[in-house]
Each structure stands twice: as structure tokens, then as C-alpha cells.
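Fold and geometry: a report
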Amino acid sequence: AAALQRLREVFDIEELPPDVLPRKKPPQFMVDLFNKVADANGITRAPGLLQGDVVRSFEDRVHVDHHHFYFDISAMEKGEQMLKAEFRVFKLKRTHRSRRSDMQHFCKVEVYELLESENKPQKKHLIASRLLSLYAEGWEVFNVTHTVSKWVRNSSSNHGFWITATYVSSKGTEHDVVTFAKSQGALQETRNALLVLFTNSNKRRSHSFVPSATTLPNLMLHVFLVTLLRPRAAAAAAAGSPLTACHRRELYVDFHAIGWSGWIIYPSGYNAFYCRGSCIFPLGESLNATNHATVQSIVYTLKLSQDVSMPCCVPDELKSLNLLYFDDKQNVVLKNYKDMVATRCGCH
């Protein structure tokens, strides 16, 4: 129990979310974003692919009114800094074509912020406007950063968005010429509107029991050793000779084994790796030893001082891990955790 509590602290999970997989499906946009920034094991492909270290997606909570879209963003954490907000809505294709010869193929779509409750749509503020094809369908993305920043500061000001689609011609104005998808059964679920927030957590996720990046995987070893190592990796660790030169070993964290597979979408687990072995003189180039470690190993080998120990075999290169998961309010979150995977070991 204590080890799992430590694990929750490492992953910054205050309350364990309920098991919703495989019943609930994540938005395809979030799955595609995960695959863009991470490989199948969740390891970051390249730095700078993600804006901020957290991406939160919120699904539309209004299922009847095709004009009104509301998102509960209360899952935002205190101190979290919002960098960008996107309102993503799926425009449906116009089903019938007009026989009028003067009918143009474009309509005007306007996105408003509702200033009062949804029962008073006349009180609204225009955020964005654009021309869209009547007969094409697909995702439309609106930058709503300024508006959502206001909602984050004052949650009571969040009454949602209001969308209109009008067509103006010499014969007059026609309203609701196109509609936008709403979640009504499995067919429309994949097209449900999303509010996507790119944020910085402004948290140093290593806690007091993880003093620095270089000590993280070695301390993770003690946390995960019993419950999270694959049997073959545990057996290999036990059989290893203490005099084996410093090198990297497998340390597989299996989310199914610890009971987290019901809410973590990707990955199903990951190899954190850890460093093990001796740093006895002479230290070869493969050990990535510092000059200080080389001197320390000489002093240790020649027994020039009783107080000097052998240099330590520790990670000297780490990569970040990405998790895609359902939070405790069933919103899908993509979160980046720094220094979670040891990619190289060395003597320090």
C-alpha cells in the first residue's frame, strides 16, 4: 500500500479514477496526439512536440440544443497555467441541395461566448467568425484561449459557447443551414465537440522522496521491485553478480498488474530501466564516467582513503514518459512526466 501511494505521488494522481475502460472510448483527437508525441511505450519521440506538459480534453455536456456547447473545466488544477484553448466541433454535411440558381455554396459560422445562462442566448459575445462550405463536413477548430482563460479565473462566468450558421442572399437570410455533431449514440460519439486545453502544470513532480533526476530510477527500483517487475527481470536481477560492470537493466512497470489498466488508455506499461553494477578502476569509455568518478575509483582501488567508496552506477541520461488516461471526472488527459526512463547508465 505504501509503495502504491508513492507511485501515485510520482504520477501526480491524488484520487484514483474509476475503471471506465474498455466501455468508454477516448476522443480520437487525443489518441492521435498521443501517437504524435510518443511511441507505443509512451516514450517522448522528440522534445518540443507538445505545447506545455498537460493536455486536457473536455467533452460537450449539452446533448439536445444544437446551438449550445458547454464544457465543465473544473478538473483544472490550482496553479495550472493555461497556454492555449481550442474549441473543436464537427460540422455535418448539408443533406439537401437548393434548386435555386443563385444559391452560393458557403455559409457564415459564428461562435459566441454566452454571457448568461443557456436560457438567454441573446446575451452573448462574438469570439470567431468564418465562411464554411455548405456541403463539406469535418472538424473546425476555433482558438478560444482568451475566453477560457476568463473561465479558469472565474468559473461562474462559464456558460458555454453558442454557434450560429447563416446564409445571406438577395432573397434574405436563412438560419441553421448547417448543424454540428452532438453525442447521440455510438455513431456521433466520435464526433462529439471537444474543448482542448494545453497547459503547464507548474509542478515539480519529483517529491521529497525523489530528490533529483539522477536518483529517480534507483529510488523507483525500491518502489516497484516487488509488484512491478516482470518475473524474468526480477530473476535476472537476483542472479546478477555484484562485480558486473555498470550497465542498464530492465524494470517494467505493468499498469495492469497494479490495477490501473481500467483508466490508463496508453501505454499498458513501460520500461523504466535502472542502473546496476560496479564502477571499479579502470573505467572504460562505455561506462560514461566523469573525471571525478575516475579519480574516485583510483583512490578506492588503491585504498588511499578508508572513507572513499566506489563511484555509483546511476542514470546519466533520462527521457520523459507520456500517459493518456481518464481522470476522476472521465475527462481524457495527456500528461508528460520528465525523467522517467533511464536511457543510459554511467559511473558518477
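Residues numbered from 1 in each chain as written. Predicted model: local features only at pLDDT ≥ 70, side-chain atom pairs only at ≥ 80, totals over all residues. Heavy atoms only, no water.

Looking at helix α3 (residues 145-153)
Among the residues of α3, Thr145, Thr147, Val148, Ser149 and Trp151 are the ones counted as buried. In this structure, the buried residues of α3 make contact with β3 (81-91), β4 (106-114), β5 (124-133), β6 (138-143), β7 (161-169) and β9 (194-200). (Buried < 20%, exposed > 50% of the residue type's maximum accessible area, 1.4 Å probe, protein only. Helix = DSSP H or I, 4+ residues; strand = E, 2+ residues; numbered from the N terminus. Contact = heavy atoms within 4.5 Å.)

A closer look at the pattern of salt bridges
A side chain of one charge can pair with a side chain of the opposite charge when the charged atoms of the two come close. For the structure shown, the criterion picks out 13 salt bridges. We note a salt bridge from Arg130 to Glu140, for which the minimum N-O separation is 2.9 Å. Taken together, the positions of Arg130 in strand β5 and Glu140 in strand β6 put the pair 10 residues apart, joining distant regions of the chain. The closest approach of N and O atoms between Asp316 and Arg344, which form a salt bridge, is 3.0 Å. With a gap of 28 residues between them, Asp316 in strand β15 (residues 313-326) and Arg344 in strand β16 (residues 332-347) connect regions that are remote in the sequence. Arg344 gets classed as partly exposed once you look at its relative accessible area, which sits at 37%. Where salt bridges share partners, they join Arg56, Glu77 and Glu80 into one cluster. (Salt bridge = Lys/Arg side-chain N within 4 Å of Asp/Glu carboxyl O.)

Focus on the pairing of strand β1 (residues 54-59)
Here β1 lies mainly inside the structure; six of its six residues are buried. Going residue by residue along β1, you find Val54, Arg56 and Phe58 tucked away on one face and Val55, Ser57 and Glu59 tucked away on the opposite face as well. Relative to β9, β1 is paired through six bridges, and the arrangement is antiparallel. Across the sheet, the residue bridging to Glu59 is Leu194, located in β9. (Pairing = 2+ DSSP bridges.)

So, the nonpolar core
By size, the foremost hydrophobic cluster in this structure holds 42 residues, and its most contacted members are Phe11, Phe255, Tyr270 and Leu334. For this core, the element with the highest residue contribution is β16, accounting for seven residues. By size, the runner-up hydrophobic cluster in this structure holds 31 residues, among which are Cys107, Leu132, Val148 and Val177. (Core = buried A, V, L, I, M, F, W, Y, C linked by side-chain atoms within 4.5 Å.)

With respect to the packing of aromatic side chains
Tallied over the full model, the rule gives 15 aromatic pairs. Here the aromatic rings of Phe11 and Phe255 are separated by 6.0 Å at their centres, their planes lie at 75°, and the arrangement is edge-to-face. Linking Phe11 in the loop between α1 (2-10) and α2 (28-37) with Phe255 in the loop between β11 (252-254) and β12 (264-266), this pair joins segments that are 244 residues apart in sequence. Grouping residues by exposure puts Phe11 and Phe255 together as buried. Aromatic pair Phe11 and Tyr337: ring centres 5.2 Å apart, planes at 75°, arrangement edge-to-face. Of this pair, Phe11 sits in the loop between α1 and α2 while Tyr337 is found in strand β16, placing the two residues 326 residues apart along the sequence. Here a set of aromatic residues connected by ring pairs shows up, and it is made of Phe11, Phe255, Trp260, Trp263, Tyr270, Tyr325 and Tyr337. We note Arg130 situated over the ring of Phe142; from NZ or CZ to the ring centre the distance is 4.0 Å. Over the ring of Phe273 we find Arg248; its NZ or CZ atom is 3.6 Å from the centre of that ring. (Phe/Tyr/Trp six-rings, centres within 6.5 Å; stacked < 30°, edge-to-face > 60°. Lys NZ or Arg CZ within 6 Å of the ring centre and 35° of its normal.)

Focus on the confidence of the model for the chain
With 77% of its residues at a pLDDT of at least 70, the chain reaches an overall mean of 80. Residue range residues 205-235 is modelled with pLDDT below 50. Its contacts to residues more than four positions away, or to other chains, number 62 contacts. (pLDDT = per-residue confidence, 0-100.)

Details of the pairing of β7
Buried residues dominate β7, accounting for eight of its nine residues. Where strand β2 (residues 68-69) and β7 come together, two bridges link them in antiparallel fashion. If you follow Phe69 over to β7, its bridge partner there is Phe161. Examined bridge by bridge, β4 and β7 share six bridges and lie antiparallel to one another. Paired with Glu110 across the two strands is Thr164, which belongs to β7.

Observations regarding the environment of Ser268
Tracing the backbone through its elements, the reader meets Ser268 in the loop between β12 and β13 (269-271). It is 7.8 Å that separates the C-alpha atoms of Ser268 and Asn41, two residues lying 227 residues apart in sequence. Setting aside anything within four residues of it in sequence, one finds Ser268 in contact with Tyr252, Asp254, Phe255 and His256.

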